[in-house]
Amino acid sequence: GGTTTWAIITSITNVKQERPIRSVSETSCDLAKNSVFPSVFGKENDVLLLSQSFDDSAVKSQFRRPVGTIRLGHTHSIDEAGFLFGE
C-alpha cells in the first residue's frame, strides 16, 4: 500500500508469565496542547513502558521524556512519529 506502517517492539526478560501486564491505561486524541500520560498502577521492581504515537512527523527533541524515565525508542516518517519511554 501507499501508507506508512511502523511498530515499536520491546522484549523484557524475567517477566511473570502468569500475569505479565499489571496495569494498562490509555488516552486517545485528548486535544490538549500539553498532554500528559495517564496514571498507571505499578509495584516496586515493575517495568514501566509509556508509548506515544502521533499522526504528524516529530523529531526526538520535540517530546521530552517523562521525569524518571528514559527514551527507549523513537521512529518517524514524513507524516507519523512514535516514542517509547521506560523505567
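Moving on, we get to the overall build of the protein. A count of helical and extended segments in the protein gives zero helices and three strands. Reading the secondary structure of the protein in the N-to-C direction produces β-β-β. In the protein, buried positions account for 15% of the 87 residues. Look at the contacts in the protein between residues 6 or more apart in sequence, and 44% of them connect residues 24 or more apart. When the accessible surface of the protein is totalled, it reaches about 7,300 Å², and 49% of it is carbon and sulfur.

Moving on, we get to the sheet that holds strand E3 (residues 81-86). Reading across from one edge, E1-E3-E2 is the order of the three strands in this open sheet, with antiparallel pairing throughout. Whereas interior strands pair on both sides, the edge strands pair on one side only; in this sheet they are strand E1 (49-54) and strand E2 (70-76). Recorded for the sheet is a direction-independent mean angle of 10° between the axes of neighbouring strands. As defined by bridge partners, E1 adjoins E3 across six bridges and the pair is classed as antiparallel.

Below, the discussion takes up the nonpolar core. The biggest cluster of nonpolar side chains holds five residues, and these are Leu50, Ala58, Ala81, Phe83 and Phe85. The leading source of residues in this core is E3, at three residues.

Let's shift gears to the packing of aromatic side chains. The tally for this structure, following the rule as stated, stands at one aromatic pair. Relative to phenylalanine 85, the ring of phenylalanine 83 lies with its centre 6.2 Å away and its plane at 5°, an arrangement referred to as stacked. You can call phenylalanine 83 buried: its relative accessible area is 0%.

Okay, the environment of histidine 76 next. Structurally, histidine 76 can be placed in strand E2. Excluding anything up to four places from it in sequence, histidine 76 contacts Ser57, Ala58 and Ala81.

With that settled, the discussion passes to the pairing of E2. The sheet contact formed by E2 and E3 spans six bridges and is antiparallel. Following the sheet pairing, glycine 73 is matched in E3 by leucine 84. Counted between consecutive antiparallel strands, the loop separating E2 from E3 contains four residues.

Moving on: the pairing of E3. With six of six residues buried, E3 is to be regarded as a mostly interior element. What you see with E3 is no split at all: Ala81, Phe83 and Phe85 on one side and Gly82, Leu84 and Gly86 on the other are buried throughout.

Low pLDDT means the predicted atomic positions in that stretch should not be read closely. When the pLDDT values of the protein are averaged, the result is 75; 78% of them are 70 or greater. For the protein, the element scoring lowest by mean pLDDT is E1, at 77; E2 scores highest, at 84.

About the criteria used
Residues numbered from 1 in each chain as written. Predicted model: local features only at pLDDT ≥ 70, side-chain atom pairs only at ≥ 80, totals over all residues. Heavy atoms only, no water. Helix = DSSP H or I, 4+ residues; strand = E, 2+ residues; numbered from the N terminus. Buried < 20%, exposed > 50% of the residue type's maximum accessible area, 1.4 Å probe, protein only. Contact = heavy atoms within 4.5 Å. Areas by Shrake-Rupley, 256 points an atom, 1.4 Å probe, with all protein chains shown as cover. Pairing = 2+ DSSP bridges. Axes fitted to C-alpha atoms, helices over the stretch in contact; angles between N-to-C directions. Core = buried A, V, L, I, M, F, W, Y, C linked by side-chain atoms within 4.5 Å. Phe/Tyr/Trp six-rings, centres within 6.5 Å; stacked < 30°, edge-to-face > 60°. pLDDT = per-residue confidence, 0-100.

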